[in-house]
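# Secondary and tertiary structure notes
Each chain, letter by letter, is given below.
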Amino acid sequence: MNARLVLLEIVNTDRHRIYRNEYHPFIQALVRSAGVPCTWLSLGVPARTAATGENLYLYDPGDDDTERAAAALAGAGATHVLLNERLEAEAFERLRTGVPGARFHLLQMSPSGVIVDHLEDWLGLEFSALRAGGRLLEEAVRPDFQRVPLNDLARSIRPYPSLLLDPGCDYVRSLEGHQDFEALGAAAQEHRGCSFCINPDPRPFVPRTDPVTLALQQLAGAAETLDPALQDRDFMVRGVNLLPRIADFADALDREGVPAATFHLSTRVDRILRHEATLRQALGSLQSRGHRLHIWNMGIENHSPRENQRLNKGLSQEHLREGIRCVLRLAGEFPDGFGFGGWGYILYTPWTTPEDLRINIRELAALSPSDMGFALGSALQLLPGLPVTELAGADGLLV
């Protein structure tokens, strides 16, 4: 069978909650380079909210848009359809009947090596050039951002294009010897990072390409293929390795004459402190050239030392205080070159005490009162199999 791949992307109106589409430009470039036709279709849907009680991660496009998507799949002659989100059963079945015999698959949130392995097996291909070079997908191809919108929402949502430079987090503090998790046994002790984190150990999945070089390569792909009618030069950057090199990155953008763009990063608060001098050096250059660095999320989680210890966050109260002050200083000094979206909080956990709440309210009021409302509504997600969930079960705190 001659494969014809369709990337059916579901984008919702909350642009920070669009998942599993970051590899689409790289998959499209890779598959096309192997001679396989690939079409990237984008379907917009309203975001679901927790207040409705509905599953936030299951979407129903509605009858008209489902019919539109089914017709587009048939028109593309799809033999393989790769989804980035789950659909309600009725909508999914309508898509399947529109292209009988096509194979459907939900893209997982996996490192690119795992994704390439699956694509080879699923499509019956062998990406020999990629294998021979020993490089990860994101450094082996120049991304292709061509997308075909299927409805008005897909045109108006304008999802962030991604720059993939490195794992999004490299915090791998062990739980071994942690007093809270000692009784849970070997499985918990092997966990690395925050006790609530689902991400795998990132160290095997680090690109070998210099992050500045890799960013320029991907920006060149965006310059060639990004449709300004559908997306802005408003890039979501995945890569902890860019912040230490941010001054070199600013120089490279200047040297290459890269048009003005915004770069959204997520980082730990202690990293901002560590690289404050480098950031200050870079921000003057970025701002003068119309570029903007935007920290869209920074996980504080909890100001209570006891709660943060249990979350294995590795941040002291002083780290948090100084980090917040640092971010606010940079935002004040570089209003056009540095933006800040807000802190990430996990205020309520199964162990929260009134004293924990008092500590958090006091710190928030003193350091970041504008975030008080958001923090007061945040709670820990107890996902199955994670150490923090196992600990809650052991302490009899699950229902």
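The sections below set out a description of the structure shown in this document.

Criteria and thresholds
Residues numbered from 1 in each chain as written. Predicted model: local features only at pLDDT ≥ 70, side-chain atom pairs only at ≥ 80, totals over all residues. Heavy atoms only, no water. Helix = DSSP H or I, 4+ residues; strand = E, 2+ residues; numbered from the N terminus. Rg over C-alpha atoms; globule rule 2.2 N^0.38 Å. Buried < 20%, exposed > 50% of the residue type's maximum accessible area, 1.4 Å probe, protein only. Contact = heavy atoms within 4.5 Å. Areas by Shrake-Rupley, 256 points an atom, 1.4 Å probe, with all protein chains shown as cover. Core = buried A, V, L, I, M, F, W, Y, C linked by side-chain atoms within 4.5 Å. Expected span 1.5 Å × (residues − 1). Bend = angle between axes of the 7 residues up to and from the residue. Pairing = 2+ DSSP bridges. Phe/Tyr/Trp six-rings, centres within 6.5 Å; stacked < 30°, edge-to-face > 60°. Salt bridge = Lys/Arg side-chain N within 4 Å of Asp/Glu carboxyl O. Patch = residues over 30% accessible without salt bridge, like charges linked within 9 Å, V, L, I, M, F, W, Y side chains within 5 Å. 1 Å grid on protein atoms, 1.4 Å probe; cavity = no way out; pocket = protein on both sides within 12 Å on 5 of 7 lines; lining within 4 Å. Points joined across faces, edges and corners; volume = space filled by probe spheres on them. Nonpolar A, V, L, I, M, F, W, Y, C, P; charged D, E, K, R; others polar.

## Things to note about the overall build of the protein
Within the protein, the regular secondary structure consists of 17 helices and 13 strands. In terms of overall size, the protein behaves like a compact globule, its C-alpha atoms giving a radius of gyration of 22 Å where 399 residues would be expected to give roughly 21 Å. The principal-axis extents of the C-alpha atoms in the protein amount to approximately 60 × 55 × 40 Å. Taken over 399 residues, the protein has a buried fraction of 51%. Once local pairs closer than 6 in sequence are excluded, the contacts in the protein between residues at least 24 apart make up 79%. Only carbon and sulfur atoms are counted for the fraction: they give 51% of the accessible area of the protein, which is about 17,700 Å².

## Some remarks on the nonpolar core
A general feature of soluble globular proteins is that nonpolar side chains tend to end up buried together. Ranked by internal contacts, the top residues of the largest apolar core, which has 48 residues, are Leu-219, Phe-249, Leu-253, Phe-263, Ile-272, Leu-293 and Phe-338. Look past the residues within four positions of Phe-249 in its chain and what remains in contact with it is Val-212, Ala-215, Leu-219, Leu-242 and Phe-263. The next biggest cluster of nonpolar side chains, apart from the first, holds 24 residues, and it includes Leu-7, Cys-38, Trp-122 and Val-141.

## Description of helix H12 (residues 276–288)
For H12, which comprises 13 residues, the first-to-last C-alpha distance of 19 Å matches the rise-based estimate of 18 Å (1.5 Å per residue) to within 8%. Ala-282 marks the point of greatest bend in H12, at about 25°. Of the surrounding secondary structure, the elements contacted by the buried residues of H12 are helix H10 (246–256), helix H11 (269–274), strand E11 (292–301), helix H14 (317–333) and strand E12 (338–340). One or two residues past the end of H12 sits Gly-290, with phi positive at roughly 85°.

## Considerations on the sheet that holds strand E7 (residues 148–149)
The strand order across the open sheet formed by five strands is E6-E4-E1-E2-E7, and the pairing between neighbours is parallel. Strand pairing shows two members of the sheet lacking a second neighbour, strand E6 (103–106) and E7, which therefore form its edges. In this sheet, E6 lies alongside strand E4 (residues 80–83) in parallel orientation, the contact comprising four bridges. By the bridge assignment, Val-81 is partnered in E6 with Phe-104.

## Thoughts on the environment of Val-36
Within the secondary structure, Val-36 is located in the loop between helix H1 (24–33) and strand E2 (38–45). In this structure the C-alpha to C-alpha distance between Val-36 and Leu-184, which are 148 residues apart in sequence, comes to 48 Å. In contact with Val-36, other than residues within four places in its own chain, are Ala-3, Arg-4, Leu-5, Val-31 and Leu-125.

## A short note on the packing of aromatic side chains
Across all of its chains, the model carries six aromatic pairs by this definition. A ring pair is formed by Tyr-19 and Tyr-57, whose centres lie 6.2 Å apart and whose planes are at 50°; its orientation type is tilted. Here the residue Tyr-19 occupies a position in the loop between strand E1 (5–12) and H1, and Tyr-57 occupies one in the loop between E2 and strand E3 (58–59), the gap between them amounting to 38 residues. Taking relative accessible area as the criterion, Tyr-19 reaches 25% and is therefore assigned partly exposed. Here Tyr-23 and Phe-26 contribute two aromatic rings whose centre-to-centre distance is 6.4 Å and whose plane-to-plane angle is 70°, an arrangement assigned as edge-to-face. According to the relative accessible area criterion, Phe-26 is buried, its value standing at 0%.

## Here we look at unusual backbone geometry
Even without glycine at this site, Arg-20 takes up a positive phi of about 60°. If you trace the backbone, Arg-20 turns up in the loop between E1 and H1. What makes Arg-20 buried here is its relative accessible area of 17%. If you check the backbone angles, Glu-301 has positive phi at about 70° while not being a glycine. By the element assignment, Glu-301 lies in strand E11.

## Things to note about the pattern of salt bridges
Applying the stated criterion across every chain, the model contains 33 salt bridges. Between Arg-142 and Glu-224 there is a salt bridge; the shortest N-O distance is 2.6 Å. Linking Arg-142 in the loop between helix H6 (137–140) and E7 with Glu-224 in helix H9 (residues 211–225), this pair joins segments that are 82 residues apart in sequence. Residue Glu-224 is classed as exposed on the basis of its relative accessible area, which comes to 55%. In this structure, Glu-333 engages Arg-280 in a salt bridge whose closest nitrogen and oxygen atoms are separated by 2.8 Å. Taken together, the residues Glu-333 in helix H14 and Arg-280 in helix H12 connect sequence positions 53 residues apart. Here the salt bridges do not stand alone but share partners, grouping Glu-276, Arg-280, Arg-329 and Glu-333 into one network.

## Regarding the pairing of E11
For E11, the buried fraction is high: seven of the ten residues fall into the buried class. Taken together, the three bridges between E11 and E12 define a ladder with parallel strand orientation. Paired with His-294 across the bridge in E12 is Gly-339. One ladder, built from three bridges, connects E11 with strand E13 (residues 343–345); its direction is parallel. For Glu-301, the partnering residue across the bridge sits in E13 and is Tyr-345.

## Some thoughts on a nonpolar patch on the surface
On the surface, Tyr-348, Ile-361 and Leu-376 cluster together into a nonpolar patch covering about 250 Å² of accessible area. Of note, Leu-376 is situated in the loop between helix H16 (372–375) and helix H17 (387–394).

## Quick look at empty space enclosed by the protein
A full pass over the atoms with the stated rule returns three cavities of 30 Å³ or more. Taken together, Glu-9, Asn-21, Glu-22, Pro-25, Trp-40, Phe-145, Arg-147, Pro-159, Tyr-160, Pro-161, Ser-162 and Gln-231 make up the full set of residues lining the largest cavity. The class makeup of the residues in the lining of the largest cavity is six nonpolar, three polar and three charged. The space that makes up the second largest cavity amounts to roughly 50 Å³.

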